[in-house]
Amino acid sequence: MMKHGLCDLRDFNMQNRVWRIRKRDAHNATVEPQKVEYTNPWLASSASKRWGEVFFLLYSPFWILILLGVVVPLKLYESFQEAEYLILGLLTVAPCFLVPLIVVCKEDAERPFYKRYWFKANVWIAIFGFVGNYFWTHYFYTVLGAIYTFPSYKINHVPITTFLLTQPYFLLYHAVSNMTLRRLEHAIKNISNRQTRWLIQAGWVLLLSYITALTEALTISHFPYYEMVDRPTFYKVGSLFYAIYFIVSFPMFKRLDEDPSAPWTLSQVAVDALGASMLVTIILDSWRITVGPIADIPWAASQNECVQFGPPWLRPSSNIKGVKASYNWSPSGVTQESYGHSRLLERASKHTEL
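No experiment lies behind these values; they were computed from the predicted model shown.

## Observations regarding the overall build of the chain
Phase 1 of the analysis: Scanning the chain for helices and strands turns up ten helices and four strands.
Phase 2 of the analysis: Taken from the N to the C terminus, the helices and strands of the chain come in the order α-α-α-α-β-β-β-α-α-β-α-α-α-α.
Phase 3 of the analysis: Expressed as a percentage of the 354 residues in the chain, the buried residues total 43%.
Phase 4 of the analysis: Long-range pairs, those at least 24 residues apart, make up 74% of the contacts in the chain between residues at least 6 apart in sequence.
Phase 5 of the analysis: Carbon and sulfur atoms form 64% of the exposed surface of the chain, whose accessible area is close to 19,700 Å².

Here it is as C-alpha cells:
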C-alpha cells in the first residue's frame, strides 16, 4: 500500500510541475510579444541596415543644401583656394562617419561599430569611390573630354575634393537604389519565370543608373570649373559611360547585409567592393578600345592612339621607342592644363566685359 501511495504521490507531483511549467510559458507568451519579420517592401529586414539607409537619406538634404543651395548659388567657390575646397570636402564627408557614432540605434547598441551596417556601407563606398576617382577619372579626361579647373590638392592628377565628395553622393545613390530594388523584388515576386524577373530587375538597374548619372551631370552644370568639351554629347553619351559605375555597383552593393542571418565581415566588404571596381574597370576599358573618345578632345589622343597606349592613367614613357612622352598627342600641342587655363581666361574676360 505504501509503495503504491508513493507512486501516486510522485505522479501527482510530476503532473503538478508540468501544469505549472505550461502555465508559466502561457503567461510569458502573453506578456512578451513575439518578434516578427520586418515586411515593409521598401526597407531592409535587418534593423541595422534599415537604420543605416534611413540615416544616409536623412543626411543627404544637409550636404545638398551646402553644395547646391549655398556654395554654388552664392558663388562662394570664386574665392575658394586649395584649402577651402579641402575643408568643404571634409565638412560634407565627416558626418557620414561621425553622426552614427554619436546617434546609435537600439539594434546597434550591443554591436561594435565595425559590425554595424552604416560603417560597412561607408567602407564599401570608400573603396569603390577611391578606385573610381584615382583611375576612372582619367577616362573622363581622355574619353569624355571633361576636366576640373578649380584649384585643389591632387592625387594622380585628380582633385582630393572629388574623392571626399564622392562619399555622400554615392551613399545617397546606393541607399535609393537598395530601396527601389527591394520594392521591385516585392512587386515581381509572384512572377514564376525566373528569367523574366531577372530581365525586369536588369532593366530597372540600367534605367536607374542612367538617370543617376545624367542627374548628377545636370545638377553640377552650374559649377563653371567642371569643363566639358562638348556638353550636349557629354550629357547624352557621357552619362551612359558614367552609368557603367552604377550598373555594376547597384546590384552588388545591395547584397551587403541584406540577409539578417548572415551579416558580412569587413574582409567580405572589402573584397566585394574591389571586385565591383575591377568589373567596372574592365567595362570602361572595353569602351575605350571599341568606342573611343565621344568627342574631338583637343588634349587627348585620337581613337587609334587611345587604343594603342593602354589605360589613360598610365602615361606613356618617353624611354620607349615610338611612344610619345605624355598626353600631348594632339598635333596642336594643346594639353589638358593649357585648355583649362584658356577656358579660365575666357571666362574672366567675359566677366570683365559685363
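Next comes the rest of the description.
## Comments concerning the packing of aromatic side chains
Phase 1 of the analysis: The final tally for this structure, using the stated rule, is 41 aromatic pairs.
Phase 2 of the analysis: With centroids separated by 4.8 Å and ring planes inclined at 70°, the aromatic side chains of Tyr-134 and Phe-135 adopt a geometry described as edge-to-face.
Phase 3 of the analysis: The exposure class of Tyr-134 is partly exposed, given its relative accessible area of 26%.
Phase 4 of the analysis: A centroid spacing of 6.2 Å and a plane angle of 80° characterise the contact between Phe-140 and Phe-241, whose relative ring orientation is edge-to-face. Remark: Phe-241 occurs in helix H7 (residues 231–254) and Phe-140 occurs in helix H4 (residues 117–144); sequence separation between them is 101 residues.

## Quick word on H7
Phase 1 of the analysis: When the terminal C-alpha atoms of H7 are compared, their 32 Å separation across 24 residues agrees well with the 34 Å that a helix rising 1.5 Å per residue should span.
Phase 2 of the analysis: Of all bends in H7, the biggest is about 40°, found at Gly-238.
Phase 3 of the analysis: Counting buried residues along H7, 17 of its 24 residues qualify, which places the element largely inside the surrounding structure.

## What to know about the nonpolar core
Generally speaking, a soluble globular protein has its nonpolar side chains buried in company with each other.
Phase 1 of the analysis: With 64 residues, the main nonpolar core has Trp-124, Phe-140, Phe-170, Phe-234 and Tyr-245 as its most contacted residues.
Phase 2 of the analysis: Counting only elements with at least two residues in this core, the list comes to helix H2 (47–71), helix H3 (82–102), H4, helix H5 (160–187), helix H6 (194–219), strand E4 (226–228), H7 and helix H8 (266–290).
Phase 3 of the analysis: With sequence-adjacent residues up to four places away left out, Trp-124 is seen in contact with Ser-249, Met-252, Phe-253, Leu-256, Val-269, Asp-272, Ala-273 and Ala-276.

## Structural notes on the pattern of salt bridges
Phase 1 of the analysis: Under the defined criterion, the tally for this structure stands at nine salt bridges.
Phase 2 of the analysis: For Lys-120, the salt bridge goes to Asp-257, with nearest N and O atoms at 2.7 Å. With a gap of 137 residues between them, Lys-120 in helix H4 and Asp-257 in the loop between H7 and H8 connect regions that are remote in the sequence. Like Asp-257, Lys-120 is buried.
Phase 3 of the analysis: In this structure, Glu-258 and Lys-254 form a salt bridge, with 3.5 Å as the shortest nitrogen-oxygen distance.

## Here we look at H3
Phase 1 of the analysis: With 21 residues, H3 extends 30 Å between its outermost C-alpha atoms, agreeing within 8% with the 30 Å of an ideal straight helix rising 1.5 Å per residue.
Phase 2 of the analysis: Where H3 bends most, at Pro-95, the angle is about 35°.
Phase 3 of the analysis: For H3, the elements touching its buried residues are H2, H4 and H5.

## Here's the deal with the UniProt feature "transmembrane region" (unreviewed entry) in the chain
Phase 1 of the analysis: Mapped onto the present numbering, the UniProt feature "transmembrane region" (unreviewed entry) falls at residues 54–74, 86–105, 117–136, 156–176, 197–214 and 234–253.
Phase 2 of the analysis: What you have in residues 117–136 is 100% helix and 0% strand, and the ends, taken at the C-alpha atoms, are 27 Å apart.
Phase 3 of the analysis: In residues 234–253, the share of helix is 100% and the share of strand is 0%. The end C-alpha atoms are 27 Å apart.

## Some words on the packing of H2 against H4
Phase 1 of the analysis: In contact at an axis separation of 8 Å, H2 and H4 are set at 60° when each is read in the N-to-C sense. The pairing of H2 with H4 is recorded here as oblique in orientation. Two secondary-structure elements touch here, H2 through Ser-48, Lys-49, Trp-51, Gly-52, Glu-53 and Phe-56 and H4 through Tyr-117, Trp-118, Ala-121 and Asn-122.
Phase 2 of the analysis: Residues of the contact of H2 with H4, tallied by class, amount to five nonpolar, three polar and two charged.

## A closer look at a nonpolar patch on the surface
Phase 1 of the analysis: A surface patch of nonpolar side chains, amounting to about 660 Å² of accessible area, comprises Leu-98, Leu-101, Ile-102, Val-103, Phe-113, Tyr-114 and Leu-266.
Phase 2 of the analysis: With three residues, H3 is the largest single contributor of residues to the nonpolar patch.
Phase 3 of the analysis: Looking at the secondary structure, you find Val-103 in the loop between H3 and H4.
Phase 4 of the analysis: For Val-103, a relative accessible area of 45% corresponds to the partly exposed category.

Rules behind the numbers
- Residues numbered from 1 in each chain as written.
- Predicted model: local features only at pLDDT ≥ 70, side-chain atom pairs only at ≥ 80, totals over all residues.
- Heavy atoms only, no water.
- Helix = DSSP H or I, 4+ residues; strand = E, 2+ residues; numbered from the N terminus.
- Buried < 20%, exposed > 50% of the residue type's maximum accessible area, 1.4 Å probe, protein only.
- Contact = heavy atoms within 4.5 Å.
- Areas by Shrake-Rupley, 256 points an atom, 1.4 Å probe, with all protein chains shown as cover.
- Phe/Tyr/Trp six-rings, centres within 6.5 Å; stacked < 30°, edge-to-face > 60°.
- Expected span 1.5 Å × (residues − 1).
- Bend = angle between axes of the 7 residues up to and from the residue.
- Core = buried A, V, L, I, M, F, W, Y, C linked by side-chain atoms within 4.5 Å.
- Salt bridge = Lys/Arg side-chain N within 4 Å of Asp/Glu carboxyl O.
- UniProt positions renumbered as here; feature names shortened; annotations may be inferred.
- Axes fitted to C-alpha atoms, helices over the stretch in contact; angles between N-to-C directions.
- Parallel < 35°, antiparallel > 145°, perpendicular 65-115°, else oblique.
- Nonpolar A, V, L, I, M, F, W, Y, C, P; charged D, E, K, R; others polar.
- Patch = residues over 30% accessible without salt bridge, like charges linked within 9 Å, V, L, I, M, F, W, Y side chains within 5 Å.

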